[in-house]
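Close look at the chain arrangement
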Amino acid sequence: MIKYIGALVGGLLLGVLLIVTVVFYNPMLQTNNLSPLAVSDNEVMHLSYSVAAQDALVYTNDGESQVSPNPPKVLQLWEPTVRGTTASVNVLADSRGRAAGIGVKFSSHSKDSSALDGKALVNSVWHIYLPQRGSIFVEQSENYWSYIQDIVFPAYRSSGDNWRGTWLSNITDGPGALGTALVAGGSGEFAGVDSVAVEALSAKAYSVDLGPVAMTGELSIELPPALAAPTPDEQVSQGQ
Amino acid sequence: MDKTLLKTFIIGIFLGVAAGAAGLYFTPLVEQARERSIVDVTPNGGNKEVFHANIPDDRILIGAADQLPAVPLGLDWPSDEMFASTRTELFKIRNAEDLVVGVASRIAATSEDGGIIEWTLHLPARGSVYLLMQPALSEDSFRLGSLRAGSREFSGWVGSVAERWLAGAGGAESALAGRIELTTRFVAVAKDES
């Protein structure tokens, strides 16, 4: 009798291990490298920033998470309602690497996350101000499943507690059609504009102790034709 | 090989797969705490909610070129001239029961063609709102504004907001202490399903 109970328990444990392994390494889920905006006819504005907390002007969370707040004395979000929230402020750079504006990002763990669906979701919003141009609001749902699968888990498994490599993926997962973020222009040349955006992460190094070490985020925002910079031919025809 | 033993082991595997799948399905990955929404329904005015930030306790950041002392301590705000007329602030946001329910950013900037003042309120359990304010104060010292966009619970809503500064509110003794109060009046817009 004992050996049958042992066989049943052994089978149970193996079954649980199997389902967890299949769910984690779900072959149906792949890193999403192709931006939905790649097929857009409209101009796309790119704004990039360093994801590493030590590069942010301000980064704060509950103070007990893996990534430490920066500066260390910044007010921490320890209350129950905001414990799963991070707030960061970064200088955003344009596609030539020049400072273009200030971006505030709020991110919160989403209760819609589901291991069976391969969704480690974060609800986030960007509040962006580009001096001389205007302001933008971006709302999105981000999926960090492939990030955990490809970077975080290998870092924990590594004897050096870190990960190095080259990894690029779109993390925006909605709420727009085709998995895009929704953009609302606030002021300046963006006033009244409704558009879409995609955020991508490009990672090179990750540490178990520090979190992202060398990682760049890029927000790509589709600009309606009226906002796109005129081509050289158009500038000539406009007498500029 | 005992065939019954092998069958028991295989049954165990199937049971383990089913139990694991059920566990993953029914165990939430994220538990989001939420305070109750304190909403007044005003006649023809939508849902009214009052949020506030106690100053200085709830202030996370003052990002401005000439800000002394730095908030938070150790902040290295860029001295680039392009940010000279921009002021970025972060706060914790509280509900009418003085409980923290979210975080907020306030960006104010002046330019040749006027200025802007904007808020983004991020309430993790509910959604976010993007509020555009009129730079000038009204006669009764309110700054009025409107809802430009909202996410999740606030998606597709329209409405207005009023901001005011209540000096000394909250019991703090400092002359600079007080409360920034935001009164929102939002209403959901019926979606055309035709």
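Up top is the structure these notes are about.
If you're wondering where the values come from, they're calculated on a predicted model, not measured in any experiment.

**Quick word on the pairing of strand S6 (residues 114-123) of chain B**
All names here are of chain B.
- With respect to burial, S6 is a largely interior element, eight of its ten residues being buried.
- The pairing of strand S5 (residues 100-111) with S6 spans nine bridges and is classified as antiparallel. Residue pairing in the sheet places Ala108 in a bridge with Ile117 of S6.
- Between S5 and S6, which pair antiparallel in sequence order, lie two residues.
- As paired strands, S6 and strand S7 (residues 127-133) are joined by seven bridges and run antiparallel to one another. Bridging across to S7, Leu123 finds its partner in Gly127.

**Observations concerning the interface of chain A and chain B**
- Between chain A and chain B, the residue contacts involve 63 residues of the former and 62 residues of the latter.
- In total, about 5,100 Å² of surface goes out of reach between chain A and chain B, with carbon and sulfur atoms giving 75% of it.
- On inspection of chain A and its partner chain B, the count reaches three salt bridges.
- A salt bridge links A:Asp194 to B:Arg148, with the nearest nitrogen and oxygen atoms 3.1 Å apart.
- Of all the secondary-structure elements, those providing two or more residues to the side of chain A that touches chain B are helix H1 (2-24), strand S2 (58-60), strand S3 (85-93), strand S4 (99-109), strand S5 (121-130), strand S6 (134-143) and strand S8 (181-188) of chain A.
- Ranked by residues supplied to the side of chain A that touches chain B, first place goes to H1(A) with 13 residues.
- A breakdown of the residues in the side of chain A that touches chain B according to their chemical character gives 35 nonpolar, 21 polar and seven charged.

**Remarks on the nonpolar core**
- Ranked by size, the top nonpolar core spans 23 residues in total, and within it A:Val89, A:Phe106, B:Leu61, B:Trp77 and B:Leu90 carry the most contacts.
- Those elements that provide at least two residues to this core are S3 and S4 of chain A together with strand S3 (59-63) and S5 of chain B.
- With three residues, the single largest contributor to this core is S4(A).
- Beyond its immediate stretch of four places on either side in the chain, A:Val89 contacts A:Ala56, A:Leu57, A:Val58, A:Ile102, A:Gly103, A:Val104, B:Leu61, B:Trp77 and B:Leu90.
- B:Leu123, B:Leu147, B:Trp157 and B:Phe186 belong to the second largest nonpolar core, which has 22 residues in total.

Parameters at a glance
- Residues numbered from 1 in each chain as written.
- Chains lettered and ligands numbered in written order.
- Predicted model: local features only at pLDDT ≥ 70, side-chain atom pairs only at ≥ 80, totals over all residues.
- Heavy atoms only, no water.
- Buried < 20%, exposed > 50% of the residue type's maximum accessible area, 1.4 Å probe, protein only.
- Helix = DSSP H or I, 4+ residues; strand = E, 2+ residues; numbered from the N terminus.
- Pairing = 2+ DSSP bridges.
- Contact = heavy atoms within 4.5 Å.
- Buried area = accessible area lost by both parts, 1.4 Å probe.
- Salt bridge = Lys/Arg side-chain N within 4 Å of Asp/Glu carboxyl O.
- Nonpolar A, V, L, I, M, F, W, Y, C, P; charged D, E, K, R; others polar.
- Core = buried A, V, L, I, M, F, W, Y, C linked by side-chain atoms within 4.5 Å.

Taken by themselves, the reported measurements are silent on function.
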